[in-house]
Amino acid sequence: MHFCAVIRLKPGRIYKKVSGGFINKFQASEGCPMYYGYYGFDWTYLLVITGLVLSLAASAHVKNTFRKYDSVRSMRNLTGAMAAQKVLQSAGLYDVRIERVSGELTDHYDPRTKTLRLSNSTYGSNSVAAVCVAAHECGHAVQDQVGYAPLAFRSSLVPVANFGSSLGWPIFLFGWILSFQPLITAGIVLFTLAVLFQLVTLPVEFNASSRALRILEDTHILGDQEIAAGRKVLGAAALTYVASLAASLLQLLRLVLLSGGRRRR
C-alpha cells in the first residue's frame, strides 16, 4: 500500500513524499525538486564507495607486492641508500642529498631543496623492492635536472591543488546549504584543480619509474630477473595513483550531478 503526504514548505512550492517507492519530481503548483534515490537515499554515494574500494584495493596490492619483494635480497647486496647514490652518480647528479625519514613507503624527492628522502623500509634495506623504490625517487631527481615539463607543471599546481582539495568540498557544501549557485560552482572549480594535479601526476610517476628501471638495468645494479620484479613493484605503486585519480574523478562527477539536481529545482 502506498500513501503520500503533501507538505507546503515554501510559498508556491509543494513537496510530495511517496512511501514504498521513489521520490520523484511531479507537477504540482510550481513543481518539486528532483531527489536522488529510493526512500531519500542519495545514489551518488555509490560513486564515493566505488572510489574508496578502488583506492583500498590498489593500496593493498602495492603493500602485498612490496612485502613480497622486500624479502628478496638484491644480488649486489646494495641498500636503498647505496643504490640511490649510484643511480644519482650515473645520471651526473652530485648535488642531491639523501636523507632517512620515518614511516613506511614515505619516500619522496623534494625539488626545492634537492633532497631525496628514503623511508626506514627503504634506506637501509638491501631488498629488490627497496632498491627499486629508491631508484624511482631518483627518477624524479633526474626529471628535475633535465627540466621535465610535467614535473614543473605539477610543482606549479601544488599551492592551488592544496587549496582546492582542502576547501573545495566545504565551499560546495556551504553553497548547497545556502542554495547559492556561485558558491557551489566555486567549490566544483576548486576541487577540479585538485583533480588536475592528480591527472598531471600520472605521467610524472610513470616516467620516473621508466627512468629508474632503465638506469638500474644499464648500470647492472639489478639483474634481469630482478628488473622483472622491479617492474612489478613500481607497476603496483603506479596503480595507487591511477586509483586515486579514479576516486577523485568519481567525487567530481558526484559534485556535478548534485549541482545539476540543485539547478533543476
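Values in this document were obtained by computation on a predicted structure and should not be read as measured data.

Student: Which residues make up the overall build of the protein, and what values go with them?
Tutor: Of regular secondary structure, the protein possesses seven helices and five strands. Along the protein, helices and strands appear, N-terminal first, in the series β-β-α-α-β-β-β-α-α-α-α-α. Contacts spanning at least 24 positions in sequence make up 62% of the contacts within the protein whose residues lie at least 6 apart. Total accessible area on the protein stands at roughly 14,100 Å², and carbon and sulfur atoms take up 63% of it.

Student: So what's going on with helix H2 (residues 80-90)? Which residues, and what values?
Tutor: An α-helical turn contains 3.6 residues, so a residue and the one three or four places further along point in the same direction. Listing the buried residues of H2 in full gives Gly80, Ala81, Ala83, Ala84, Val87 and Leu88. With its buried residues spanning 160° around the axis, H2 presents them on a single face. Looking at the buried positions of H2, the neighbouring elements they touch are strand E3 (97-101), strand E5 (115-119), helix H3 (120-123), helix H4 (128-146) and helix H6 (181-218). After H2 finishes, the residue glycine 92 shows a positive phi value of roughly 75°.

Student: Account for a nonpolar patch on the surface, with residues named and values stated.
Tutor: A cluster of nonpolar side chains, contributed by Trp43, Tyr45, Leu46, Ile49 and Val53, occupies part of the molecular surface with about 480 Å² of accessible area. With respect to the helices and strands, the residue tryptophan 43 is situated in the loop between strand E2 (13-18) and helix H1 (45-70). Overall, the relative accessible area of 36% leaves tryptophan 43 in the partly exposed class.

Student: Can you lay out unusual backbone geometry for me, pointing to particular residues and giving the numbers?
Tutor: For lysine 114, which is not a glycine, the phi torsion comes out positive at approximately 55°. Mapped onto the elements of the fold, lysine 114 is located in the loop between strand E4 (108-110) and E5. Taking relative accessible area as the criterion, lysine 114 reaches 30% and is therefore assigned partly exposed. A positive phi angle is found at histidine 220, which is not glycine, with a value near 60°. Assignment of secondary structure puts histidine 220 in the loop between H6 and helix H7 (224-263). Given the relative accessible area of 59%, histidine 220 is considered exposed.

Student: Explain the packing of H1 against H4 to me, and be specific about the residues and the numbers.
Tutor: Relative orientation of the contacting elements H1 and H4 amounts to 120°, with a least axis distance of 6 Å. In this view, H1 runs oblique relative to H4, as classed from their interaxial angle. In this structure, H1 uses Phe66, Tyr69 and Asp70 to contact H4, whose residues at the interface are Val128, Ala129, Ala130 and Val133. Looking at the contact of H1 with H4, its residues break down into six nonpolar, no polar and one charged.

Student: Hey, could you go over the packing of H4 against H6 for me, with residue numbers and the actual values?
Tutor: Running from N to C, H4 and H6 point in directions that differ by 110°, and their axes come no closer than 7 Å. Classified by the angle between their axes, H4 and H6 sit roughly perpendicular to one another. Here the hand of the crossing between H4 and H6 comes out right-handed. Only Val204, Glu205, Asn207, Ala208, Ser209, Arg211, Ala212, Ile215 and Leu216 of H6 make contact with H4, whose side of the interface consists of Val131, Cys132, Ala135, His136, Gly139, His140, Val142, Gln143 and Val146. Here the residues of the contact of H4 with H6 are counted per class, giving ten nonpolar, six polar and two charged.

How each quantity is defined
- Residues numbered from 1 in each chain as written.
- Predicted model: local features only at pLDDT ≥ 70, side-chain atom pairs only at ≥ 80, totals over all residues.
- Heavy atoms only, no water.
- Helix = DSSP H or I, 4+ residues; strand = E, 2+ residues; numbered from the N terminus.
- Contact = heavy atoms within 4.5 Å.
- Areas by Shrake-Rupley, 256 points an atom, 1.4 Å probe, with all protein chains shown as cover.
- Buried < 20%, exposed > 50% of the residue type's maximum accessible area, 1.4 Å probe, protein only.
- Arc of directions from axis to C-beta.
- Patch = residues over 30% accessible without salt bridge, like charges linked within 9 Å, V, L, I, M, F, W, Y side chains within 5 Å.
- Salt bridge = Lys/Arg side-chain N within 4 Å of Asp/Glu carboxyl O.
- Axes fitted to C-alpha atoms, helices over the stretch in contact; angles between N-to-C directions.
- Parallel < 35°, antiparallel > 145°, perpendicular 65-115°, else oblique.
- Nonpolar A, V, L, I, M, F, W, Y, C, P; charged D, E, K, R; others polar.
- Left-handed = near helix turned anticlockwise from the far one by under 90°.

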